[in-house]
Amino acid sequence: MPWFVYSILSAGLFVGLYLCIRWLTDKGFAPKQILLFLIGFASLGFLGATIPSLPKVLNAENFLDFLAAGAFAGISSSIGHWADFEAIKRAPNPGFSTSIRNSSILPVTVLSVILFNSQFRLEKLLGVFLILGGIIALVIQKQAPSGEKRIRNNDCGNYWVPLAFVALTGYTLMVLGMKKATLLGFSPPEICLCMYIVNFLFFTFICRRDFRSYFQDKSRLRFFLPVAFACALFAFGVNLLNVKGIELAPNPGYHEAIRSTNVLFLTFLAIPFFSASMDKQKIMGVISTVAGTFILVV
């Protein structure tokens, strides 16, 4: 399949992942708890998919190089996930931090040219900018809910700004690490397993003080686990498609730009699910995102 098919499919599956996570957070579950269980379940899936090739991986001549690239991507993604959630929680308008984080497609595009001799064409870069501009228009809210804004501003000041840039850096480095692992000849399940083991260790450490409490309320646990497992299924598909898109795309930044169009799908789904509305700003965002995607795939 063409590389952009993997990008579009990963964007679509990400919508399912987001809706599951959103549903659990609305029910009062902490993001770090969701991520811990999601990553744990998904890691088992990647382990199962990798078992047949595991002896070959362990005996590969460049295994240490692969381990370094996978661990680098895993550490970067762990820090990126944590900083992203914290920035969204603290920002006066969640769209501000989301816009900064999604800007990672620009350094990914440029650094891929320097590090991996990836494709660089001005018209494709225009497509990247159009998608980024469209995403910003879609996620920026004209006015945050007054109560939420007051809580964020009183508690956290402007700490969300450096956190958002940490998330941007983490996601940028994650993609570069994944690209390096694909160039070493390893498959998407193998790369994802390496990353997710690191992710699981990271969030186990983050959740160490709350871990026992997650199992105390049996009724909430029975409610939580099936949805967390559904999150893991979506994450499993998203990550396999994501690695494949990064591997095949002329420039990983092009894949990341199209994958980020999940915001477009979420915008339309938010209308029936969350009683959201379309305005001129969002309509322009839709047009810009679609135009940028068209430029990248033709």
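Residues numbered from 1 in each chain as written. Predicted model: local features only at pLDDT ≥ 70, side-chain atom pairs only at ≥ 80, totals over all residues. Heavy atoms only, no water.

Let us now look at unusual backbone geometry. With a phi angle near 55 degrees, N117 is a residue other than glycine that sits in the positive phi range. Position of N117 relative to the elements: it lies in the loop between α6 (105-116) and α7 (122-139). (Helix = DSSP H or I, 4+ residues; strand = E, 2+ residues; numbered from the N terminus.)

As a further point, take the nonpolar core. Of all hydrophobic cores here, the largest spans 53 residues; its most connected members are L38, F66 and F224. At the level of secondary structure, the elements contributing two or more residues to this core comprise α1 (3-26), α2 (31-50), α4 (63-90), α9 (160-183), α10 (188-206) and α11 (218-248). Residue contributions to this core peak at 10 residues, all from α9. In contact with F66, other than residues within four places in its own chain, are V57, A181, L184, F186, E190, I191 and C194. (Core = buried A, V, L, I, M, F, W, Y, C linked by side-chain atoms within 4.5 Å. Buried < 20%, exposed > 50% of the residue type's maximum accessible area, 1.4 Å probe, protein only. Contact = heavy atoms within 4.5 Å.)

Before going further, it helps to spend a moment on the environment of V290. Secondary-structure assignment places V290 in helix α14 (residues 280-297). For the pair V290 and F224, spaced 66 residues apart in sequence, the C-alpha separation works out to 36 Å.

With that out of the way, let us pick up the side chain of S53. In this structure, S53 sits in the loop between α2 and α3 (54-58). The class for S53 is buried, based on a relative accessible area of 18%. For S53, the side chain forms a polar contact with the side chain of E190, separated by 2.7 Å. (Polar contact = N/O pair within 3.5 Å; in protein donor to acceptor, adjacent residues only side chain to side chain.)

Below, the discussion takes up the packing of helix α5 (residues 94-102) against α9. For the pair α5 and α9, interaxial distance at closest approach is 8 Å and the crossing angle is 30 degrees. Classified by the interaxial angle, the pair formed by α5 and α9 is roughly parallel. In this structure, α5 meets α9 at a crossing whose hand is right-handed. For the pair α5 and α9, contact is made by F96, S97, I100 and R101 and by W160, A164, F165, A167, L168 and Y171, respectively. Here the contact of α5 with α9 is composed, by residue class, of eight nonpolar, one polar and one charged. (Axes fitted to C-alpha atoms, helices over the stretch in contact; angles between N-to-C directions. Parallel < 35°, antiparallel > 145°, perpendicular 65-115°, else oblique. Left-handed = near helix turned anticlockwise from the far one by under 90°. Nonpolar A, V, L, I, M, F, W, Y, C, P; charged D, E, K, R; others polar.)

With that settled, the discussion passes to the side chain of N242. Of note, N242 is situated in helix α11. With a relative accessible area of 5%, N242 lands in the buried category. Look past the residues within four positions of N242 in its chain and what remains in contact with it is S10, M178, H255, E256 and R259.

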